[in-house]
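# Per-entry structural report
One letter stands for each residue in the lines below.
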Number of protein chains: 2
Amino acid sequence: MLKIGVDAMGGDFAPEAAVKGAVMALDAVGAESRIVLFGDEARIRAVLAGEGCSAERFDIVPTTEVIEMGDHPAKAFQAKADSSITVGFGHLAKGAIHGFASAGSTGAMMVGSMYAVKPIEGVIRPTISSLVPTAAGRPALLLDVGLNVDCKPEVLAQYGLIGSIFAESVLGIASPRVAILNIGEEETKGNAQAKAAHDLLREEKRINFVGNVEGSHIFSGKVADVIVCDGFVGNTVLKMAEGLYRINKALGGGNAFWDAMNYENVGGTPVLGVNAPVVIGHGCSSPLAIKNMILTTERCIRTEVTAKLQRAFNS
Amino acid sequence: MLKIGVDAMGGDFAPEAAVKGAVMALDAVGAESRIVLFGDEARIRAVLAGEGCSAERFDIVPTTEVIEMGDHPAKAFQAKADSSITVGFGHLAKGAIHGFASAGSTGAMMVGSMYAVKPIEGVIRPTISSLVPTAAGRPALLLDVGLNVDCKPEVLAQYGLIGSIFAESVLGIASPRVAILNIGEEETKGNAQAKAAHDLLREEKRINFVGNVEGSHIFSGKVADVIVCDGFVGNTVLKMAEGLYRINKALGGGNAFWDAMNYENVGGTPVLGVNAPVVIGHGCSSPLAIKNMILTTERCIRTEVTAKLQRAFNS
């Protein structure tokens, strides 16, 4: 049995949105998967009853505390020992669940990833990634999207390998094209960081490195399936896309490409390079967003991407 | 008489597009402005004749050479002494024209800006900027957009002042809101560069510094009129916007906001921080793009933004 841990108390609209999203995910997850909800049992059962969904279809791990958005992540992770996030990570670290997803405190989720689950040996700096839609239809993976804002070239080069393994394993893209985000196509272009990382990525024989990708082709799908950049640039790219999505929607524009930009369909941000699948959802997650976050977590578990990453960095 | 120098040989479709764009600009420039065309006189006259436009309406400075896109910018600027760009910068440096615009070799335009016109005393590194449309209606100024990809915080801080003076003078925005592009609203956010630049910008009393702006608000117009970033990030933002514009257009989407994203309407990229107005157009400029590039140049001349910048850095 594959156990997907979900923080029922995470997100601005928890537990309602989190539990409703879990109900929506029930039919989409595999028959051998089971969703484990962490949180206030009475409130979880109340939402399930309201949805007409039997509580028997879930495992529930009762917790009494919640790490709030205003809490100091590291302190709260320790002090609120019976919080849904702390208990969830405890279960993840001991293997009682196989992945953990939350739309709650991003900081606390990172604390759990780094100190409970821990980085994979050999990974300099874990990363958070995001799927972006492309005009070619299939999504591209962008990483880092905000965790590491000052990246050494060696860190960026590792992101190429991490992203390649994730794209092949979880997204099912054979020999994914890996590129580094840069300001020109020529390999002599870029800032000092990008040029040095380009040289390191070219030497990485385990990936299909295709060179530089410019901003104009992040969303075209023509150049790359995996796009490596530092967290400052990646976060800006992601937020800019969200901003344009909102403007476009407000102006009445819309089509399948822009719909795919909607974070609700993206399904959370996997933390990559730690010893278990961890997926962080948007704070304002709707039930649909929670559902997709859960499905992303399931795919990470099912495809054993963590084991593949561990082997890549320990061989 | 205000003299606007235009490279008739610059751009992928020169001289046709350049000269046609100059004809389109004729009615839009002020009565006291005159457009000075640099290039192959016979070809310029042929295009003007084809347009049914009297050559008397322009000054023509005949040149016999062209700096090609494949040429080494610095070497070609020297070796092709009778090229339209080299001769144009000669006129600009001696004051025979008051601004110079070209859709030709960006590299040669930068060589001319740095070595013929020269940086303004006190400016550490000149910059290239771009107008971006906003949902609020009026454009915002983004700088740097590709010239300086490794920026010290002191350079970014100067861009805040340069951009503020440009926005107030040329765009007519009173007390423009200046922000630094960053990954969060809080002043403690960002990479080392952004945090240090934030501190310097806060101390700059001559600007209306409003703090950080996130990627989501570059195009909203809600936070800033002038957005400061390094050339790596700025170039990525600009190219990403262009890429999304093309995708949106290909998918049949379109509205006033996206139309404004079209580079043809933007009117070139001013080089700021040098001792004369220099505007660089897109290589694939259409006549409409050339027309708007010329109008941008005229606004820079008319509003005496160069003198304002010189005073700001020499006081």
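These remarks concern the structure in this document. Everything numeric here is computed off the predicted structure, so don't read it as measured data. (Residues numbered from 1 in each chain as written. Chains lettered and ligands numbered in written order. Predicted model: local features only at pLDDT ≥ 70, side-chain atom pairs only at ≥ 80, totals over all residues. Heavy atoms only, no water.)

Sheets are built from strands that pair by backbone hydrogen bonding, the pairs being arranged parallel or antiparallel. Residue and element names in this part refer to chain B. Strand order in the open sheet made by the 11 strands is 3-2-1-4-11-10-5-6-9-7-8, with mixed pairing throughout. Two strands bound the open sheet, and with one partner strand each, they are strand 3 (59-62) and strand 8 (208-213). Taking the axes of each pair of neighbouring strands and ignoring which way they run, one obtains an average angle of 25° across the sheet. Direction of pairing for strand 1 (residues 2-7) relative to strand 2 (residues 33-39): parallel, over a ladder of 6 bridges. Its bridge partner lying in strand 2, Lys-3 is registered against Arg-34. Relative to strand 4 (residues 99-102), helix 4 (residues 84-94) is tilted by about 165°, and along the sheet it contacts strand 1, strand 2, strand 3, strand 4 and strand 11 (278-280). On the sheet, helix 7 (residues 192-203) packs against strand 7 (177-181) and strand 8 and is oriented at approximately 160° with respect to strand 8. (Pairing = 2+ DSSP bridges. Helix = DSSP H or I, 4+ residues; strand = E, 2+ residues; numbered from the N terminus. Axes fitted to C-alpha atoms, helices over the stretch in contact; angles between N-to-C directions. Contact = heavy atoms within 4.5 Å.)

This paragraph deals with the interface of chain B and chain A. Listed per partner, the contact involves 37 residues of chain B and 37 residues of chain A. Regarding the contact of chain B and chain A, the summed buried area is about 3,100 Å², with carbon and sulfur atoms giving 71% of it. When residues of chain B are sorted by the area they lose upon contact with chain A, B:Ile183, B:Phe232 and B:Met240 head the list and together hold 23% of the total. Where chain B packs against chain A, one counts 2 salt bridges. (Buried area = accessible area lost by both parts, 1.4 Å probe. Salt bridge = Lys/Arg side-chain N within 4 Å of Asp/Glu carboxyl O.)

Looking now at the relation of the copies chain B and chain A. In summary, the two copies of the chain are related to each other by a rotation about an axis coupled with a shift along it. When chain B is fitted to chain A, the best match, at an RMSD of 0.0 Å, comes from turning it 180° and sliding it 0.0 Å along the axis. Accordingly, the operation relating the two chain copies is best matched by a two-fold axis. A shared binding surface is used by both copies, with 100% of the interface residues of chain B retained as interface residues in chain A. (Least-squares fit on C-alpha atoms with pLDDT ≥ 70 in both.)

So, on to the pairing of strand 7 of chain B. Residues and elements named next belong to chain B. Most of strand 7 is tucked away, with 4 of its 5 residues classed as buried. Summarising the sheet, strand 7 and strand 8 pair through 5 bridges and their orientation is parallel. Considered in strand 8, the bridge of Val-178 is made with Phe-209. As a crossover connection, the stretch from strand 7 through helix 7 into strand 8 is right-handed. (Buried < 20%, exposed > 50% of the residue type's maximum accessible area, 1.4 Å probe, protein only. Right-handed = clockwise from strand over helix to strand, strands pointing away.)

All names here are of chain B. By the criterion of burial, helix 4 is predominantly enclosed, with 8 of the 11 residues buried. Three or more residues of helix 4 are buried, namely Ser-84, Ile-85, Thr-86, Val-87, Gly-88, Phe-89, His-91 and Leu-92. Backbone geometry just after helix 4 places Gly-95 at a positive phi near 85°.

This part covers the packing of aromatic side chains. The final tally for this structure, using the stated rule, is 11 aromatic pairs over all chains. Here the aromatic rings of A:Phe38 and A:Phe100 are separated by 5.6 Å at their centres, their planes lie at 85°, and the arrangement is edge-to-face. In this pair, A:Phe38 is assigned in strand 2 (residues 33-39) and A:Phe100 in strand 4 (residues 99-102), connecting sequence segments 62 residues apart. Each member of the pair, A:Phe38 as well as A:Phe100, carries the same accessibility label: buried. The structure contains a cluster of three or more aromatic residues connected by ring pairs, namely A:Phe219, A:Phe257, A:Trp258, B:Phe219, B:Phe257 and B:Trp258. (Phe/Tyr/Trp six-rings, centres within 6.5 Å; stacked < 30°, edge-to-face > 60°.)

Now for the sheet that holds strand 11 (residues 278-280) of chain A. All names here are of chain A. One open sheet accounts for 11 strands, arranged 3-2-1-4-11-10-5-6-9-7-8; its pairing is mixed. Only two strands of the sheet have a single neighbouring strand rather than two, namely strand 3 (59-62) and strand 8 (208-213). Sheet twist, expressed as the average angle between the axes of neighbouring strands with direction ignored, equals 25°. Contacting strand 4, strand 5 (127-132), strand 10 (269-272) and strand 11, helix 5 (residues 106-117) runs over the sheet at an angle of about 170° to strand 11.

Another point: the packing of helix 6 (residues 153-169) of chain A against helix 12 (residues 305-313) of chain A. Between two packed helices, both the angle of their axes relative to each other and the distance between the axes serve to describe the pair. All names here are of chain A. Relative to each other, helix 6 and helix 12 sit at 145°, their axes nearing to 10 Å. Of the two possible hands of crossing, helix 6 and helix 12 adopt the one that is right-handed. Here helix 6 contributes Gln-158, Leu-161, Ile-162, Ile-165, Phe-166 and Ser-169 to the contact with helix 12, which in turn contributes Val-305, Lys-308, Leu-309, Ala-312 and Phe-313. Residue composition of the contact of helix 6 with helix 12, grouped by class: 8 nonpolar, 2 polar and 1 charged. (Left-handed = near helix turned anticlockwise from the far one by under 90°. Nonpolar A, V, L, I, M, F, W, Y, C, P; charged D, E, K, R; others polar.)

Moving on to unusual backbone geometry. All names here are of chain A. For the bond from Ala-14 to Pro-15, the omega torsion is 0°, close enough to zero to count as cis. Its place among the elements puts Pro-15 in the loop between strand 1 (2-7) and helix 1 (16-26). Positive phi, close to 45°, is recorded for Ser-175, a residue that is not glycine. Position of Ser-175 relative to the elements: it lies in the loop between helix 6 and strand 7 (177-181). By relative accessible area, Ser-175 is classed as partly exposed at 44%.

On to helix 5 (residues 106-117) of chain B. Residue and element names in this part refer to chain B. Ala-108, Met-109, Met-110, Val-111, Gly-112, Ser-113 and Val-117 are the residues of helix 5 that are buried. In this structure, the buried residues of helix 5 make contact with helix 3 (73-79), helix 4, strand 4, strand 5 (127-132), strand 10 (269-272) and strand 11. Lys-118 sits one or two positions beyond helix 5 and adopts a positive phi of about 70°.

On to the pattern of salt bridges, then. Residues and elements named next belong to chain A. The tally for this structure, following the rule as stated, stands at 26 salt bridges over all chains. Here Arg-45 makes a salt bridge to Glu-41, at a shortest N to O gap of 3.1 Å. Of this pair, Arg-45 and Glu-41 are both found in helix 2 (residues 41-50), 4 residues apart, which corresponds to roughly one turn of the helix. By relative accessible area, which is 27% here, Glu-41 ends up partly exposed. Between Arg-202 and Glu-187 there is a salt bridge, with its nearest N and O atoms 2.6 Å apart.

With that settled, the discussion passes to the environment of B:Glu204. Among the structural elements, B:Glu204 can be located in the loop between helix 7 and strand 8. The exposure class of B:Glu204 is buried, given its relative accessible area of 18%.

What follows concerns the packing of helix 1 (residues 16-26) of chain B against helix 11 (residues 287-302) of chain B. Residues and elements named next belong to chain B. Where helix 1 meets helix 11, the closest approach of the two axes is 7 Å, and the angle between their N-to-C directions is 55°. When the axis of helix 1 is compared with that of helix 11, the two are oblique. At the point where helix 1 passes helix 11, the crossing takes the right-handed sense. Each of Ala-17, Ala-18, Lys-20, Gly-21, Ala-22, Met-24 and Ala-25 in helix 1 lies in contact with helix 11, whose residues at this interface are Pro-287, Leu-288, Ile-290, Lys-291, Ile-294 and Leu-295. When grouped by side-chain class, the residues that make up the contact of helix 1 with helix 11 number 10 nonpolar, 1 polar and 2 charged. (Parallel < 35°, antiparallel > 145°, perpendicular 65-115°, else oblique.)

What follows concerns the environment of A:Val170. With respect to the helices and strands, A:Val170 occurs in the loop between helix 6 and strand 7. On a C-alpha basis, the gap between A:Val170 and A:Ser105 in space is 25 Å, while along the polypeptide they are 65 residues apart.

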